[in-house]
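These are the residues of each chain, in order.
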Amino acid sequence: MEFLRFLLRRVLWSLLVLVGLSMVIFIIARAVPGDPARMALGPTATQEQVADLQKKLGLDRPIVQQYGLFIAGLAHGDLGRSLLTERPVNDDIRDTFAATLELVLATIFIAVVLGVPLGVVAAYWKDRWPDNVVRIVAIFSAVTPSFFLALLLQILAGYVLHILPTTGRLPPNFDFAPTHTGLVLIDSLIALRPDAFLEGLRYLLLPAIALAAATMGQMARITRSSMIDVSSQDYIEASRAFGVPEWVRVCKYMLRPSFVPPLTILGLEFASLIGNAFVVELVFAWPGMAAYGIRTILQKDLNAVMGVVMVSGVFFVLVNLVIDLLVGLVDPRVRIRGSRQ
Amino acid sequence: MTDALLSVRNLSVAFTTYGRTQPVLHGVSLDVPARSHVALVGESGSGKTVTMKSIMGLLHMPPASISSGAILYDGRDLLTMPRRERLKLTGTDMSMVFQDPMSSLNPVFTIADQMSTILKYADKRLGRSRSRRQRMDRVLEVLGQVRMREPERVARSYPIMLSGGMRQRVLIAMALLSEPRLLIADEPGTALDVTTQAQILKLLKDLVEERGLALLMITHNLGVVRETSDYVYVMHKGKVVEEAPTAELFAAPKVAYTRALIDAVPRLTGARPTQRMEAAP
Amino acid sequence: MSDELTLAEDAPRLSSAYQSWYRFSRNPTAMIGLVIVAVCVLAAILAPWITPHPDHVGAVVNFRARHLPPSADYWFGTDNVGRDIFTRVIFGFRISLMLAVVVLGTAIPIGTILGLMAGYFGGWVEIVFMRFTDIALAIPPLVMALAVAAVLSPDLVNSMLAIAALWWTWHTRLIYSITRQLRTREFVEAAETLGASKFHILFREILPNCVSAIAVKTSLDCGFVILVGASLSFLGLGIQPPTPDLGTMVASGSAFLPDYWWESVLPGCAILFVALGFNLLGDGLRDLYDVENVR
Ligand SMILES: Nc1ncnc2c1ncn2[C@@H]1O[C@H](COP(=O)(O)OP(=O)(O)O)[C@@H](O)[C@H]1O
Ligand SMILES: [Mg+2]
């Protein structure tokens, strides 16, 4: 019950964060010198063309009214129209978002599945060689710029070893399109196309590794320090005294209470993960939001840019809500008290 | 005295930190005969917990090292017997009650989960087997034995849902799971308020007497000694400085240190100490 | 009165400075980090005098020497117009470090003051400030910088402002959590009882206790700001050519992969090198000050 209330409170705060985000973004996009319509059309457009576009997109109305329209649109999940193509921003983002989502989910999976065990290993052999190896790996993966790692992986796997494709999401002219969820790995299973699944995986692997490295390093570091913290607790000593075997103690009694800090950090660092996704997508020509975002930015299509930032923000907020839920599942104290600490 | 259930002989323990070796126990000897109630008393830092950990095999080596001595249980030396043999005894035949009910239970698992896990692996070590259902029954039975009113509800609870006194009872129940013959209690209940602590001590005493268990009560409080024990070892700076039957010790303490300890006993026995006694190493 | 207090508290701190240095110097990772950072900073400052081809910083074209692999003359090889990459990398450190200094120089004071106030005053100050940080946390700095670049123009100053505009949140959160813990401690309450001003309490009582955490965070952050900055210039939103910039060099060199690998790989390694230095230093400081929760 307390937990439900906790989640509800988090949802409300998240909505507030999104409203705040929309304001910030709107102010940046509208309150700057220059006229969005003029910017989008460029210096060669005539005065009439500009006025026309302004009228069409509501840019001639008072700023508060514009924001009202923007927010009303958002509430319906409508991000407005591109200043350039006049296509709904929604359609453009929908087409690209699934690819980004697939990449980010794969990244989180890799980061957690590798990072947490590495942290456990390091904590278990604290100050011995496995710990030192993990610490070095964690530091290097945290400080290698994603785009650089992406390039290195491309050189290594694509040009030197010739084992994995280096650009795109599926082979060119491949007769499969993810139509259900938009995620290749899932849709190929639904469509019973193991060949598409394998191809999708081959294409996904390098970008996901490049993007996952930094987060994985953080996961490993934080899991390690959290495990070390827990390992000195009385209850671990007590389970030792009662003869609970070592592996149960480490993998059950120590691991579960250690989970909250890495989960929390995963949520907080998610924003920078989205940022890195932009560069990684660019390097691997991954058909995600980044290419769209960067194109619209260079074309000064402010409505589209606002859409991209808003979607990133919603993505961040949703991931953090899921993490709140997970934290509650892992730690009964959060469930019972209805708060984190 | 060789017939004692537990006999610590001339035990010396040292800790090595940052390359410096510091002796902590200097030849400690003590005996706990079967069915007897023995106390080990001494101020904080005198080495009581280290003694307990040596007996229970809980010392982390390194940094700790046992430089000499023997710990006989049923006449067999725990320090030289194979690890597997030793693990059959610790946590089962010789068991312990932890001090701090707030920190000695894992916060993210239910009481039932923690207790049946202990039972499961105790059974495994001893070559017994029980079904999940039977383990649960045993858990509920023991929770009933420590005078818990609603064992089912307690078993389903997470530690945070229980009061300090109830958690301390759970810790006692954990120690009783595998029907031990020797119970070692390290400052039980010191983290609780006076009334609850008195109840816990009474419960412990009753349980030990009912089942004819041997008890090694570790405490810094001579008031507790008087209530729970027949024989006392006084420990100071890693040495046993005096030993005597409880009544004798109170009547005629031989060393000045004991006298000082007796003088320090609050009028109301079991009164809460003003400072927290030790930081868990 | 406050002078006496400060004196009494400062005395042990000074005498332990040597001890701290001793412990620090025995910590291999911290020392490696310090050396790397020192090398990078010195190289950046002394760039015009220590680089073999300082004139290659500008728009020099030397087609006969283009795409040369690393050699004794050109340690990191040459780029597609024949400029010495090593020289340009050293000058690139200047931009990276300047970015870190400007961003953190703006973000830390703002973040610290907001964190102190939110943590100490509580109430609506806390609610407003901390919700504001929540909002800022939801925006990826890189995406924000992109958006700002779209609105204004893609250049270094705008990118720096955009990053700084989000970076303070991390410091606010950190200082806030420390202040919350310190608010009820004896020395703060004592100062309150003695009628010390809010200013005194915030900046003379609480702030000194945040210094070690700030030092650790700053060192780690220098590395991360440099990484974000490099990503931006990799996308073409950093300082504009021909001024050397590490991210830009990786991007332009990547067009010639894999044959002329050094043109992107070596500048990339240089970014990694600086970021590594700051991270190792931060890690070492964290061990030294025992502030495990600072990331
Ligand atoms: N892990 C450890 N490392 C170093 N010294 C320790 C450790 N554990 C205990 N000691 C030392 O052993 C001495 C006895 O401690 P302890 O047995 O806990 O005392 P108490 O009688 O209060 O239970 C103390 O002086 C303590 O400094
Ligand atoms: Mg003790």
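Residues numbered from 1 in each chain as written. Chains lettered and ligands numbered in written order. Predicted model: local features only at pLDDT ≥ 70, side-chain atom pairs only at ≥ 80, totals over all residues. Heavy atoms only, no water.

Draft legend 1. Quick peek at the overall build of chain C. Along the backbone of chain C there are 11 helices and zero strands. Secondary structure elements of chain C occur, N-terminal to C-terminal, as α-α-α-α-α-α-α-α-α-α-α. Seen along its three principal axes, the alpha-carbon backbone of chain C occupies a region of about 75 × 45 × 25 Å. Taking all 295 residues of chain C together, 53% fall into the buried category. (Helix = DSSP H or I, 4+ residues; strand = E, 2+ residues; numbered from the N terminus. Buried < 20%, exposed > 50% of the residue type's maximum accessible area, 1.4 Å probe, protein only.)

Draft legend 2. Examining the sheet that holds strand β4 (residues 64–73) of chain B more closely. Residue and element names in this part refer to chain B. Taken in spatial order, the four strands of this open sheet run β2-β1-β4-β5, and their pairing is antiparallel. The strands lining the two open edges of the sheet, one partner per strand, are β2 (20–32) and β5 (76–77). Two elements, strand β1 (residues 6–17) and β2, share nine bridges in a ladder whose sense is antiparallel. Looking at the pairing, Leu11 lines up with Val28 of β2. (Pairing = 2+ DSSP bridges.)

Draft legend 3. Main features of the pattern of salt bridges. The tally for this structure, following the rule as stated, stands at 33 salt bridges over all chains. The shortest N-O distance in the salt bridge between Arg333 of chain A and Asp331 of chain A comes to 3.0 Å. For the salt bridge of Arg180 of chain C with Glu126 of chain C, the shortest nitrogen-to-oxygen distance reads 3.3 Å. Here the residue Arg180 of chain C occupies a position in helix α7 (residues 156–182), and Glu126 of chain C occupies one in helix α5 (residues 123–137), the gap between them amounting to 54 residues. Classification of Arg180 of chain C by relative accessible area gives partly exposed; the value is 37%. One network of salt bridges, in which partners are shared, links Arg147, Lys202, Asp206 and Glu210 of chain B. (Salt bridge = Lys/Arg side-chain N within 4 Å of Asp/Glu carboxyl O.)

Draft legend 4. Focus on the pairing of strand β10 (residues 239–245) of chain B. Residues and elements named next belong to chain B. Bridge count for strand β9 (residues 231–236) against β10 is six bridges, and the pairing is antiparallel. Looking at the pairing, Val232 lines up with Ala244 of β10. Hairpin connection, β9 to β10: the antiparallel pair is bridged by two residues, and Lys237 has positive phi, about 50°.

Draft legend 5. Representation of the nonpolar core. Among the nonpolar cores identified, the biggest contains 179 residues, and Phe147 and Phe270 of chain A together with Phe93, Trp167 and Ile206 of chain C are the most heavily contacted of them. Counting residues per element, this core draws most heavily on helix α9 (residues 198–234) of chain C, at 17 residues. Phe147 of chain A has contacts with Val279 and Val283 of chain A together with Ala230, Ser231, Phe234, Gly247, Val250 and Ile271 of chain C, leaving out every residue within four places of it along the chain. Grouped together as the second largest cluster of nonpolar side chains are 90 residues, Leu119, Ala155, Ala175 and Leu213 of chain B included. (Core = buried A, V, L, I, M, F, W, Y, C linked by side-chain atoms within 4.5 Å. Contact = heavy atoms within 4.5 Å.)

Draft legend 6. Representation of helix α4 (residues 85–121) of chain C in the model. In this model α4 of chain C runs 53 Å from its N-terminal to its C-terminal C-alpha over 37 residues, within 8% of the 54 Å that 1.5 Å per residue would give. One or two steps after α4 of chain C, the chain reaches Gly122 of chain C, where phi turns positive at roughly 60°. (Expected span 1.5 Å × (residues − 1).)

Draft legend 7. Geometry of the sheet that holds β9 of chain B. All names here are of chain B. The six strands lie next to each other as β6-β7-β8-β3-β9-β10, forming an open sheet whose pairing is mixed. Of all strands in the sheet, those with a lone pairing partner are β6 (94–97) and β10, marking the two edges. Mean inter-strand twist for the sheet, computed between neighbouring axes without regard to direction, equals 20°. (Axes fitted to C-alpha atoms, helices over the stretch in contact; angles between N-to-C directions.)

Draft legend 8. Representation of the packing of aromatic side chains within the structure. What the rule picks out here adds up to 18 aromatic pairs over all chains. Put simply, the rings of Phe256, Tyr260, Trp261 and Trp262 of chain C pair up and form one aromatic cluster. Over the face of the ring belonging to Phe109 of chain B we find Lys252 of chain A, whose NZ or CZ atom lies 5.2 Å from the ring centre. (Phe/Tyr/Trp six-rings, centres within 6.5 Å; stacked < 30°, edge-to-face > 60°. Lys NZ or Arg CZ within 6 Å of the ring centre and 35° of its normal.)

Draft legend 9. Up close: the pairing of β6 of chain B. Residue and element names in this part refer to chain B. Judged by which residues are buried, β6 turns out to be covered on both faces: Met94 and Met96 on one side and Ser95 and Val97 on the other are all buried. Inspection of the sheet shows β6 paired to strand β7 (residues 182–186) by four bridges, in the parallel sense. Pairing of Ser95 across the sheet is with Leu183, part of β7.

Draft legend 10. Here's a closer look at the interface of chain A and chain C. In this complex, chain A contributes 46 residues to the contact, which on the side of chain C involves 46 residues. Taking both partners together, chain A and chain C bury about 4100 Å²; carbon and sulfur atoms supply 80% of that area. Inspection of the region where chain A meets chain C yields one salt bridge. Among the salt bridges present, the one from Arg221 of chain A reaches Asp283 of chain C, with a minimum N-O distance of 2.9 Å. Taken together, chain A and chain C are joined by two residue pairs in polar contact (both at pLDDT 80 or more). For the side of chain A that touches chain C, the leading source of residues is helix α13 (residues 270–283) of chain A, giving eight residues. Looking at the side of chain A that touches chain C residue by residue, the class counts come to 34 nonpolar, eight polar and four charged. (Buried area = accessible area lost by both parts, 1.4 Å probe. Polar contact = N/O pair within 3.5 Å; in protein donor to acceptor, adjacent residues only side chain to side chain. Nonpolar A, V, L, I, M, F, W, Y, C, P; charged D, E, K, R; others polar.)

Draft legend 11. Region of the structure containing the interface of chain B and chain A. Listed per partner, the contact involves 31 residues of chain B and 23 residues of chain A. Buried surface at the junction of chain B and chain A, summed over both partners, amounts to about 2400 Å²; 66% is from carbon and sulfur atoms. Taken together, chain B and chain A are joined by two salt bridges. Taking the shortest distance from any N to any O, the salt bridge between Glu237 of chain A and Lys53 of chain B comes out at 3.7 Å. Joining chain B to chain A, the criterion identifies 11 residue pairs in polar contact (both at pLDDT 80 or more). Of all the secondary structure elements, the ones that give two or more residues to the side of chain B that touches chain A are α1 (48–56), β6, α3 (111–126) and α6 (164–176) of chain B. Here the element with the most residues in the side of chain B that touches chain A is α3 of chain B; it accounts for six residues. Taken together, the residues that form the side of chain B that touches chain A break down as 17 nonpolar, 10 polar and four charged.

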